[in-house]
Amino acid sequence: MNILVKNKDLFGKKVKVICTDGKIITGEWNEWWDEEDNSYLADDELPTCDSILIDQADYPVEIRITEIKAIQKA
């Protein structure tokens, strides 16, 4: 079970995402794209994986599952 599935109860809520590089992104988890949704990335020889969209006050941020260390309720 991946980190998104483990934290699916936080979908649609304000969360704090701790990234593998130490960056912290806080906002509302409003979108979840699976590997199939992101399959178009393979056309540009980019890796396909799940990703999420966090709506922050200023702008939305898409985060790949490979960049997520933890997701917590904010």
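Preceding block: the structure.
Attention here is on the structure that accompanies the text. These figures come from a predicted structure and were not determined experimentally.

A few words on the overall build of the protein. Tallying secondary structure elements over the protein gives one helix and five strands in all. Tracing the protein from N to C terminus, the helices and strands come up as α-β-β-β-β-β. The globule rule puts the C-alpha radius of gyration for 74 residues at 11 Å, and the 12 Å found for the protein is close to it. If one aligns the C-alpha atoms of the protein with their principal axes, the spans along those axes are about 35 × 30 × 25 Å. Here the protein holds 74 residues, and the buried ones make up 32% of them. Put simply, 48% of the contacts in the protein that link residues at least 6 apart link residues at least 24 apart. When the accessible surface of the protein is totalled, it reaches about 4,900 Å², and 46% of it is carbon and sulfur.

The next thing to look at is the nonpolar core. Counting residues in hydrophobic clusters, the biggest one holds 16 residues, and the most contacted among them are V17, I52, I63 and I71. Those elements giving two or more residues to this core turn out to be α1 (3-6), β1 (14-19), β2 (24-33), β3 (51-55), β4 (60-64) and β5 (68-73). Considering every element that reaches this core, the biggest residue donor is β1, with three residues. Contact partners of I52, with chain neighbours within four places excluded, come to L4, V17, W29, E31, W32, W33, V61, E62, I63, I68 and I71.

The next thing to look at is the state of the cysteines. Covalent bonding between the sulfur atoms of two cysteines defines a disulfide. Scanning the entire structure with this criterion turns up zero disulfides. Looking at C19, it has no disulfide partner, and the nearest cysteine sulfur is the one in C49, 13 Å off.

Rules of the game
Residues numbered from 1 in each chain as written. Predicted model: local features only at pLDDT ≥ 70, side-chain atom pairs only at ≥ 80, totals over all residues. Heavy atoms only, no water. Helix = DSSP H or I, 4+ residues; strand = E, 2+ residues; numbered from the N terminus. Rg over C-alpha atoms; globule rule 2.2 N^0.38 Å. Buried < 20%, exposed > 50% of the residue type's maximum accessible area, 1.4 Å probe, protein only. Contact = heavy atoms within 4.5 Å. Areas by Shrake-Rupley, 256 points an atom, 1.4 Å probe, with all protein chains shown as cover. Core = buried A, V, L, I, M, F, W, Y, C linked by side-chain atoms within 4.5 Å. Disulfide = S-S within 2.5 Å.

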